[in-house]
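Spelled out, the chains give:
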Amino acid sequence: MTYNNILVEAHPPLGIIRLNRPKVLNALNFELLREVVDALEAFDNDERIRVNILTGSDDAFSAGADIKELSEATPVDLINENKFALWDRLKKIAKPIIGAVSGHTLGGGCELAMNCDIIIASETARFGQPEINIGIMPGAGGTQRLTRTIGKFRAMEMILTGQPITAREAEKHGLVNRVVPVEAYFEEARKLALQIAQKAPVAVRLAKEAVLKSFDTPLDEGLQFERRNFYLLFSTEDMKEGMKAFTEKRPANFKGR
């Protein structure tokens with residue numbers, strides 16, 4: 001598949017997607033987002049790939065939405081074309097996505113980062129939802145995911161003032177997993193991805209699914225969902241291999257079955 005706005009590399013067990021619109025600091029247009037989703041879905045269907053890494057450049061993960069594209073849209077255009085459905089497809093990616101983030105991570109870029117399952121940030125990363133500065137508001141999950149992650153009061157301040165926060169502040173508020181020097185953030189993400197890739201693929205997939213379910217359901221329903229996935233794993237070959245390897249004190253050889 002040919003992509004115009006991203007660079008895609010398969011290095012089994014890892015799939016790597018790099019945003020590649022350097023002249024506009026990786027601004028998100030719908031074509032770029034479609035390519036990201038298409039590439040992630042392709043990796044979902046590739047048995048060699050177990051974990052995805054989504055990244056940009058040292059200067060910008062993504063500076064936000066492509067304002068030129070949005071400024072020409074009408075409400076009817078947005079409804080009829082339904083391009084925001086791409087975000088719904090992104091939410092359904094089954095394999096883990098690790099965000100390797102540096103520089104500007106703003107607006108739609110921040111929303112894209114929050115769709116990752118784990119975020120490793122460089123010390124230069126800046127996170128924000130500055131849409132209020134141009135007379136709009138976040139429209140791809142910013143008001144919902146940011147609030148669920150860092151809490152109402154901090155999210156309200158960020159969204160209503162449009163002011164970004166530093167990587168260290170983001171780490172303090174639970175928006176990123178860890179902050180490392182700019183020269184190390186991608187390698188740190190790669191090491192973590194390889195660590196996860198060694199685990200049982202079906203268990204990883206169902207565990208991710210259960211964690212995400214906690215955002216959408218009351219506790220009792222979430223616990224039932226978790227238990228169902230737990231039971232399902234007892235039908236897998238990997239469960240038997242994992243427990244046998246544990247008792248034999250050797251590394252497990254997980255095959256995703």
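Residues numbered from 1 in each chain as written. Predicted model: local features only at pLDDT ≥ 70, side-chain atom pairs only at ≥ 80, totals over all residues. Heavy atoms only, no water.

Novice: Explain the packing of helix 10 (residues 201-213) against helix 11 (residues 219-233) here, please?
Specialist: In helix packing, the relevant descriptors are the interaxial angle and the interaxial distance, both defined with respect to the helix axes. Running from N to C, helix 10 and helix 11 point in directions that differ by 175 degrees, and their axes come no closer than 9 Å. Between helix 10 and helix 11, the interaxial angle falls into the category roughly antiparallel. Residues Val202, Ala203, Leu206, Glu209, Ala210 and Lys213 of helix 10 touch helix 11, and the partners they reach there are Phe225, Glu226, Arg228, Asn229, Leu232 and Leu233. The class makeup of the residues in the contact of helix 10 with helix 11 is seven nonpolar, one polar and four charged. (Axes fitted to C-alpha atoms, helices over the stretch in contact; angles between N-to-C directions. Helix = DSSP H or I, 4+ residues; strand = E, 2+ residues; numbered from the N terminus. Parallel < 35°, antiparallel > 145°, perpendicular 65-115°, else oblique. Contact = heavy atoms within 4.5 Å. Nonpolar A, V, L, I, M, F, W, Y, C, P; charged D, E, K, R; others polar.)

Novice: What exactly am I supposed to notice about the sheet that holds strand 10 (residues 178-180) here?
Specialist: Strand-to-strand pairing in sheets goes through backbone hydrogen bonds, with the strands running parallel or antiparallel. Across the sheet, six strands lie side by side as 1-2-3-5-7-10; this open sheet has mixed pairing. Either end of the sheet is taken by a strand with one partner, and the two such strands are strand 1 (6-11) and strand 10. When strand polarity is set aside, the average angle formed by the axes of neighbouring strands in this sheet is 20 degrees. For strand 2 (residues 14-19) and strand 3 (residues 51-55), the ladder comprises five bridges, and the chain directions are parallel. Considered in strand 3, the bridge of Gly15 is made with Asn52. (Pairing = 2+ DSSP bridges.)

Novice: Looking at this model, I keep getting lost on the nonpolar core. Mind explaining?
Specialist: Note on soluble globular proteins: their nonpolar side chains tend to be buried together. Leu54, Leu112 and Phe127 are the most contacted members of the largest nonpolar core, which has 43 residues in total. Counting residues per element, this core draws most heavily on helix 1 (residues 30-44), which supplies eight residues. With near-sequence residues (within four places) excluded, Leu112 lies in contact with Leu19, Leu28, Leu33, Leu54, Phe61, Trp87 and Leu90. Core analysis: the next-biggest nonpolar cluster, separate from the first, contains 16 residues, Leu14, Val180, Leu192 and Ile196 among them. (Core = buried A, V, L, I, M, F, W, Y, C linked by side-chain atoms within 4.5 Å. Buried < 20%, exposed > 50% of the residue type's maximum accessible area, 1.4 Å probe, protein only.)

Novice: Sorry if this is basic, but what is going on with the pattern of salt bridges here?
Specialist: Pairs can form between side chains of opposite charge once their charged atoms are near each other. Counting across every chain of the model gives 16 salt bridges. Across the pair Arg48 and Asp46 runs a salt bridge, and its minimum N-O distance is 2.8 Å. With a relative accessible area of 17%, Asp46 lands in the buried category. As a salt-bridge pair, Glu187 and Arg190 come within 2.9 Å of each other at their nearest N and O atoms. (Salt bridge = Lys/Arg side-chain N within 4 Å of Asp/Glu carboxyl O.)

Fair warning: the whole summary comes from geometry, so function is off the table for now.
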